[in-house]
Amino acid sequence: MLILGAGPAGLTLGNLLHASGIDCVVLERATRPQVQARSRAGFLAANTVRILERHGLAEGLRLRGREHATCEFRTEDGRFRLDYGSLGRGERHTVHPQHELVTDLLTHYLDRGGRAYFGTEALTVRDADGTRPTVTVREADGRTGTWRSRYVAGCDGRHGAARRSIPPGAVRRHHLDHGLSWLGLLAEAPPSLDAVAYAVHRRGFAGHMARTPEVTRYYLQCERGTSPDAWSEDRIWDELALRMRAAEYGPLRRGRIAHRAVVDLASDVLEPLRHGALLLAGDAASLLSPSAAKGANLAVLEAELLAGALIDDLRHGRPEGLAGYSARCLAHIWRAQEFSQWMLRLLHGAPGPADESSFHDALRRSRLASLATSRSCQDWFAEHYVGV
Ligand code: APR
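As the structure is a computational prediction, the values presented were derived from the model and not from experiment.

Visitor: Outline the overall build of the protein chain, supporting the account with residue identities and numerical values.
Guide: Each helix and strand in the protein chain was counted, giving 12 helices and 20 strands. Computed over its C-alpha atoms, the radius of gyration of the protein chain comes to 21 Å, within 12% of the 21 Å expected for a compact globule of 388 residues. Over its C-alpha atoms, taken along the principal directions, the protein chain stretches across nearly 60 × 40 × 40 Å. Evaluated residue by residue, the protein chain yields a buried proportion of 54% over its 388 residues. Considering only intrachain contacts with a sequence separation of at least 6, the fraction spanning at least 24 residues in the protein chain is 71%. Accessible area for the protein chain stands at about 16400 Å²; split by element, carbon and sulfur atoms hold 49% of it.

Structural data, given as structure tokens:
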């Protein structure tokens, strides 16, 4: 079994297959230190924690993860908080930075004899519609090699070889460009408040998400095409303070901006999530906007579903699981997409002509008012915000 990519999807899958005695190899383009240092997401849904605990992969997050159950909205109509841990199904997030989760998963996999090759970039996947697909790779020393396997799991993200190798027309691509861009920032500063904060402002959206006691994630909505380096650190902090209404609700705790990147918000779903013996999971299968922190949680969920289907097929000769894999994942993916879309509309006006955008703006303010005042709306929000 070949797994392309050592991210949350690939490493969860590798651990589950290896634990069931299925010989698998993870091929990863980056080096091991790069994989373990890459700071991405950090909010694990309750279901993700349950999956990791079910398979003995939760030791690190149990030791270092921190429960989180409050979010705050700051808008032109005031500020309100939702203690979502006491709403809906009463589920909470566990804050466990992704580079720590990936390190936990990778260490667990390698310590138990799992095989992974770093600095090994998959170039193409061929003959996926046959019974022994071939993966051409560029080895760490620059040589080209090939791997063959009964199945290939494409867990190599949005720009990986798996997606590229699917022939045009073999799968349907559902794509939506939200027309929005966020400047994502990692600040070497403690959180400015004890909640995830979503600030809605006429100048644009701003977000605050704790990562660790020393590092905090911020987002600033920016014009499409903005260069990550266009803004000075002072301008970034001043704009964050303005949009988060720091003068009214308290100052932000500033620090060096250690990492910045502009993300153009777009969503993408492939259907089905496979092409013959090439099976997709995680960002290779579908892309979400970061508005609801679902990406890594979907990746772990899909990896568990795919592992179960592959074990049924390879160990027990039951192909039904693989036949139903795509449909089962797509049901979860579309619910996550729908909620992420709802969150985007809640936090941003809509691009478009003035009269339309003023209409959308009024809808946005009404949605926020419902969320601030209606218990049933808050229960719905809590269930979808933490759920996957
Ligand atoms: N060959 C081998 N490895 C590759 C290739 C390739 N051609 N292309 C990409 N990779 C590796 C990347 O270096 C990365 O380590 O595949 C891995 C993909 O990991 P992620 O991008 O984290 O994707 P996934 O595991 O699906 O996790 C999805 O986690 O990163 C968060 O929130 C983010 O939604 C995202 C979620």
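Visitor: Just give me the short version of the nonpolar core, but keep the residues and values in it.
Guide: Within the largest apolar cluster, 71 residues are counted, with the highest numbers of intra-cluster contacts made by Leu 13, Leu 17, Leu 52, Val 135, Leu 306 and Leu 310. Not counting the four nearest positions on each side in its chain, Leu 17 is found in contact with Met 1, Ile 3, Ile 22, Cys 24, Ala 307, Leu 310 and Ile 311.

Visitor: Please provide a residue-by-residue account of the sheet that holds strand β10 (residues 134–138), values included.
Guide: A sheet is described by the order of its strands in space; here 3 strands give the open sequence β9-β10-β11, paired in antiparallel fashion. Since the sheet does not close on itself, it has two edges, and those belong to β9 (121–126) and β11 (144–148), each with one partner. Neighbour to neighbour, the strand axes of the sheet diverge by 25° on average, direction disregarded.

Visitor: Explain the side chain of Glu 28 residue by residue, including any values.
Guide: By secondary structure assignment, the location of Glu 28 is in the loop between β2 (25–27) and α2 (32–37). Buried Glu 28, no salt bridge; nearest opposite-charge side chain is Arg 38, N-O distance 4.7 Å. Among the polar contacts listed, one links the side chain of Glu 28 to the backbone nitrogen of Ala 6, at a separation of 2.7 Å. Leaving out residues up to four positions away in the same chain, Glu 28 has contacts with Gly 5, Ala 6, Val 35, Tyr 117, Phe 118, Gly 119 and Thr 120.

Visitor: Outline the sheet that holds strand β17 (residues 256–271), listing residues and values.
Guide: Read across the sheet, 8 strands follow the order β6-β5-β14-β15-β16-β13-β17-β20 without closing on themselves; strand pairing throughout is mixed. Two strands close off the open sheet at either side, each with one partner strand: β6 (78–82) and β20 (286–287). Pairing between strand β5 (residues 71–75) and strand β14 (residues 196–199): 4 bridges, direction parallel. If you follow Glu 72 over to β14, its bridge partner there is Ala 197. Contacts from helix α7 (residues 233–243) reach β13 (172–188), β14, β15 (206–210), β16 (216–222) and β17 within the one sheet, and its direction differs from that of β16 by about 85°.

Visitor: Got a sec to walk through the site of the ligand? Specific residues and values, please.
Guide: The ligand sits among 25 residues. The nearest are Glu 28, Arg 38, Gln 98, Ala 122 and Asp 283. Within the contact set of the ligand, an oxygen atom lies 3.2 Å away from a backbone nitrogen or oxygen of Pro 8. In terms of residues, the shell around the ligand owes the most to one element, helix α9 (residues 295–316), which gives 3 residues. Residues belonging to the shell around the ligand are distributed by class as follows: 10 nonpolar, 8 polar and 7 charged.

Visitor: Can you lay out the pattern of salt bridges for me, pointing to particular residues and giving the numbers?
Guide: One pass over the structure, following the stated rule, counts 29 salt bridges. Among the salt bridges present, the one from Glu 121 reaches Arg 138, with a minimum N-O distance of 3.1 Å. Taken together, the residues span a long stretch of sequence, with Glu 121 in strand β9 and Arg 138 in strand β10 at a distance of 17 residues. Accessibility expressed as a relative area gives 39% for Arg 138, which makes it partly exposed. Between Arg 375 and Asp 379 there is a salt bridge, and its shortest N-O distance comes to 3.0 Å. Pair noted here: Arg 375 and Asp 379 are both in helix α12 (residues 375–386), with a separation of 4 residues, about one helical turn. Through salt bridges with shared partners, one network takes in Glu 72, Arg 74, Arg 79, Arg 81 and Asp 194.

Visitor: Pulling in residues and values, what's your account of the side chain of Lys 294?
Guide: As for its position among the elements, Lys 294 is in the loop between β20 and α9. Buried charge without a salt bridge: Lys 294, with Glu 91 as the nearest opposite-charge side chain at an N-O distance of 8.4 Å. Not counting the four nearest positions on each side in its chain, Lys 294 is found in contact with Leu 288, Ala 336, Phe 339, Ser 340, His 384, Tyr 385, Val 386, Gly 387 and Val 388.

Visitor: An account of the packing of α9 against helix α10 (residues 320–347) is needed here, citing residue identities and associated values.
Guide: Running from amino to carboxyl end, α9 crosses α10 at an angle of 170°, the nearest separation of the two axes being 9 Å. Put simply, α9 runs roughly antiparallel to α10. Along the contact surface, α9 presents Leu 298, Leu 301, Glu 302, Leu 305, Leu 306, Ala 309, Leu 310 and Asp 313, while α10 presents Gly 321, Leu 322, Tyr 325, Arg 328, Cys 329, His 332, Ile 333 and Ala 336. Per-class residue counts for the contact of α9 with α10 are 11 nonpolar, 2 polar and 3 charged.

Cut-offs and rules
- Residues numbered from 1 in each chain as written.
- Predicted model: local features only at pLDDT ≥ 70, side-chain atom pairs only at ≥ 80, totals over all residues.
- Heavy atoms only, no water.
- Helix = DSSP H or I, 4+ residues; strand = E, 2+ residues; numbered from the N terminus.
- Rg over C-alpha atoms; globule rule 2.2 N^0.38 Å.
- Buried < 20%, exposed > 50% of the residue type's maximum accessible area, 1.4 Å probe, protein only.
- Contact = heavy atoms within 4.5 Å.
- Areas by Shrake-Rupley, 256 points an atom, 1.4 Å probe, with all protein chains shown as cover.
- Core = buried A, V, L, I, M, F, W, Y, C linked by side-chain atoms within 4.5 Å.
- Pairing = 2+ DSSP bridges.
- Axes fitted to C-alpha atoms, helices over the stretch in contact; angles between N-to-C directions.
- Lys, Arg positive; Asp, Glu negative; His and termini not counted.
- Salt bridge = Lys/Arg side-chain N within 4 Å of Asp/Glu carboxyl O.
- Polar contact = N/O pair within 3.5 Å; in protein donor to acceptor, adjacent residues only side chain to side chain.
- Near = heavy atom within 4 Å.
- Nonpolar A, V, L, I, M, F, W, Y, C, P; charged D, E, K, R; others polar.
- Parallel < 35°, antiparallel > 145°, perpendicular 65-115°, else oblique.

Remember, this is a structural readout, not a statement about activity or role.
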